[in-house]
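Here are the chains, one letter per residue:
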Amino acid sequence: MHLLKVLVIGAGGREHALAWALAQSPQVAAIFVAPGNAGTSWPASARCAPATNVALAVDDIPALLEFAQQQAIDLTVVVAELPLTLGIVDQFQQAGLRIFGPSLAASQLEGSKSFAKTFMQAQGIPTAAFATFRDYEEACDYVVQQTQRTTGLVVKADGLAAGKGVFVCSTADEAFSALRTLLLDRTLGAAGETVVIEARLSGPEVSLLAFTDGVTVAAMPPARDHKRIFDGDQGPNTGGMGAYAPTPDVDADLV
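The model shown is predicted, which means the values in this text are computed figures rather than measured ones.

1. Things to note about the overall build of the protein chain
A count of helices and strands for the protein chain gives 9 helices and 15 strands. Along the three orthogonal principal directions, the C-alpha set of the protein chain runs to about 65 × 40 × 35 Å. Counting all 255 residues of the protein chain, 35% fall into the buried class. Considering only contacts in the protein chain between residues 6 or more positions apart, those separated by 24 or more positions represent 53%. As displayed, the protein chain offers around 14,400 Å² of accessible surface, 56% of which is attributable to carbon and sulfur atoms. Looking at the protein chain, you have 16 positive and 26 negative side-chain charges, and the mean spots of the two groups are 2 Å apart.

Below, the structure is given as structure tokens:
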């Protein structure tokens, strides 16, 4: 039986978990993680294949493609969002390489919040009321209008921001500050050139992920993560301070 060489692309905890799980498959001979982290490198053992970090940036698609070709990688698993939005899946497939991840077209759902919101609206998928802006003054006028009829707003950078592009605002002044940060100060660069302002929804939130081949959908267990940096749901949002599953406190509502 041919044993597989697998390339995992990314540098976070999800990459660690996936690399560790893949390494325990009897079908896998070696794991490479680009760029990886301190936990994604280990020697071979009776239980798992070895894993090696590769010093390649997730957005350097030509270098990743060259590495996969030179190493005769059998399967690439893309975890990081950025290379997906740059079309890594399309480029690997065009080169005849097997790769797991959404296409460039499908990745727009993750790479652009305005695209995702517009898609949900067009498909009748429930989502919070929203508006999209590139102009600071127009965005502020909308905030004034909305705060007269709602208790809070959420300001979001349209593009990828590693979890740091969402501002949960309780007052108009907090929304104005978020808009200044994104549209005037440009602290997130191109990711914040467009902003989405949406109604603030309160209550339990879960992430429900699924695997699909375009025909069959296999759902994973729901998970809840902690976004705010301080205890008691205080402070700004982050890329995630921790997560847990299963979620018995909200699972009944998903049935």
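There's more to say after this.
2. So, the sheet that holds strand S4 (residues 75-78)
With respect to topology, 5 strands assemble into an open sheet ordered S3-S2-S1-S4-S5, the strand pairing being parallel. Taken across any chain shown, the strands that pair with only one partner, and hence form the sheet edges, are strand S3 (51-53) and strand S5 (99-100). On top of the sheet, helix H1 (residues 13-23) reaches strand S1 (4-10), strand S2 (28-35) and S4; it is set at about 175 degrees to S1, its chief contact.

3. So, the packing of aromatic side chains
Considering all chains together, one arrives at 4 aromatic pairs under this definition. On the basis of an interplanar angle of 45 degrees and a centroid distance of 5.8 Å, the ring pair of phenylalanine 100 and phenylalanine 211 is categorised as tilted. A residue pair is termed long-range when its members are at least 10 positions apart, and phenylalanine 100 in strand S5 and phenylalanine 211 in strand S10 (residues 210-212) qualify at 111 residues. Owing to a relative accessible area of 39%, phenylalanine 100 belongs among the partly exposed residues under this scheme. Residue classification places phenylalanine 211 among the partly exposed positions, given a relative accessible area of 42%. Centre to centre, the rings of phenylalanine 133 and tyrosine 142 are 5.2 Å apart; their planes meet at 50 degrees, and the pair counts as tilted. Here phenylalanine 133 falls in the buried class, since its relative accessible area comes to 12%.

4. Some remarks on the sheet that holds strand S9 (residues 195-199)
On the basis of which strands lie adjacent, the open sheet formed by 4 strands has the order S6-S9-S7-S8 and antiparallel pairing. Since the sheet does not close on itself, it has two edges, and those belong to strand S6 (130-133) and strand S8 (166-169), each with one partner. Going across the sheet, the axis of each strand differs from the next one's by a mean of 20 degrees, ignoring polarity. Sheet topology places strand S7 (residues 153-157) next to S8; 4 bridges connect them, and they run antiparallel. Pairing of lysine 156 across the sheet is with valine 166, part of S8. Across the sheet, helix H8 (residues 172-184) touches S7, S8 and S9, and the angle it forms with S8 is around 165 degrees.

5. What to know about the environment of glycine 192
Looking at where glycine 192 falls in the secondary structure, it is placed in the loop between H8 and S9. Here glycine 192 falls in the buried class, since its relative accessible area comes to 0%. The spatial distance from the C-alpha of glycine 192 to the C-alpha of alanine 131 is 15 Å, given a sequence separation of 61 residues. Those residues in contact with glycine 192, other than ones at most four positions away along the chain, are Ala157, Leu182 and Leu183.

6. Considering a negative patch on the surface
On the surface, Asp135, Glu137, Glu138 and Asp141 cluster together to form a negatively charged patch. Inspection of the secondary structure puts glutamate 137 in helix H7 (residues 136-147).

7. Some points on the environment of threonine 132
Relative to the helices and strands, threonine 132 resides in strand S6. Its relative accessible area of 36% is what places threonine 132 among the partly exposed residues. Sequence-wise, threonine 132 and glutamate 110 are 22 residues apart; in three dimensions their C-alpha atoms are separated by 16 Å. Those residues in contact with threonine 132, other than ones at most four positions away along the chain, are Ser114, Thr194, Val195 and Val196.

8. What about the layout of surface pockets?
Here the second largest pocket is characterised by a volume of approximately 190 Å³. Lys164, Val166, Phe167, Val168, Ser170, Glu174, Arg200, Arg228, Gly235, Pro236 and Asn237 are the residues that line the second largest pocket. Of all the elements in the fold, those that place two or more residues in the lining of the second largest pocket are S8 and strand S14 (234-237). Here the residues of the lining of the second largest pocket are counted per class, giving 4 nonpolar, 3 polar and 4 charged.

Thresholds, definitions, all that
Note on numbering: residues in each chain are counted from 1, in written sequence order. Only residues with pLDDT of at least 70 get local features here, since the model is predicted, and only at 80 or more are side-chain atom pairs given and counted; chain-wide, interface and lining totals rely on the full set of residues. In computing side-chain properties, one takes all heavy atoms of the structure into account and sets aside hydrogens as well as water. The secondary structure listing takes helices from DSSP runs of H or I that are at least 4 residues long and strands from runs of E that are at least 2 residues long, numbered from the N terminus. When accessible area is computed with a 1.4 Å probe and restricted to protein chains, residues below 20% of their type maximum are described as buried, those above 50% as exposed, and intermediate ones as partly exposed. Two residues form a contact once any of their heavy atoms are found within 4.5 Å. Residue-level accessible areas treat just the shown protein chains as cover; the underlying method is Shrake-Rupley with a 1.4 Å probe. The positive count covers Lys and Arg only, the negative count covers Asp and Glu only, and His and the chain ends enter neither. Here the site of a charge means NZ on Lys, CZ on Arg, CG on Asp, or CD on Glu. Following DSSP output, two strands are said to pair if at least two bridges run between them. Helix axes use the C-alpha atoms of the stretch in contact, all axes being lines fitted to C-alpha atoms, and the angles between their N-to-C directions lie in the range 0 to 180 degrees. Working definition: rings of Phe, Tyr and Trp (its six-membered ring) pair if their centres are within 6.5 Å, and the pair is stacked with planes under 30 degrees apart, edge-to-face with planes over 60 apart, and tilted otherwise. Here, patches come from residues exposed beyond 30% relative accessible area and free of salt bridges, joined within 9 Å for like charges and within 5 Å for nonpolar side chains (Val, Leu, Ile, Met, Phe, Trp, Tyr). Each salt bridge in this description consists of a side-chain nitrogen of Lys or Arg and a carboxyl oxygen of Asp or Glu lying within 4 Å of one another. Residues are called lining when one of their atoms sits within 4 Å of a cavity or pocket point, these points coming from a 1 Å grid over the protein atoms alone, where a cavity is a set in which a 1.4 Å probe fits but cannot get out and a pocket is an open set with protein on both sides within 12 Å along at least five of seven lines. Grid points are joined across faces, edges and corners, and a volume is the space filled by probe spheres set on the points. Note on residue categories: nonpolar means Ala, Val, Leu, Ile, Met, Phe, Trp, Tyr, Cys or Pro, charged means Asp, Glu, Lys or Arg, and polar means any other residue, Gly included.

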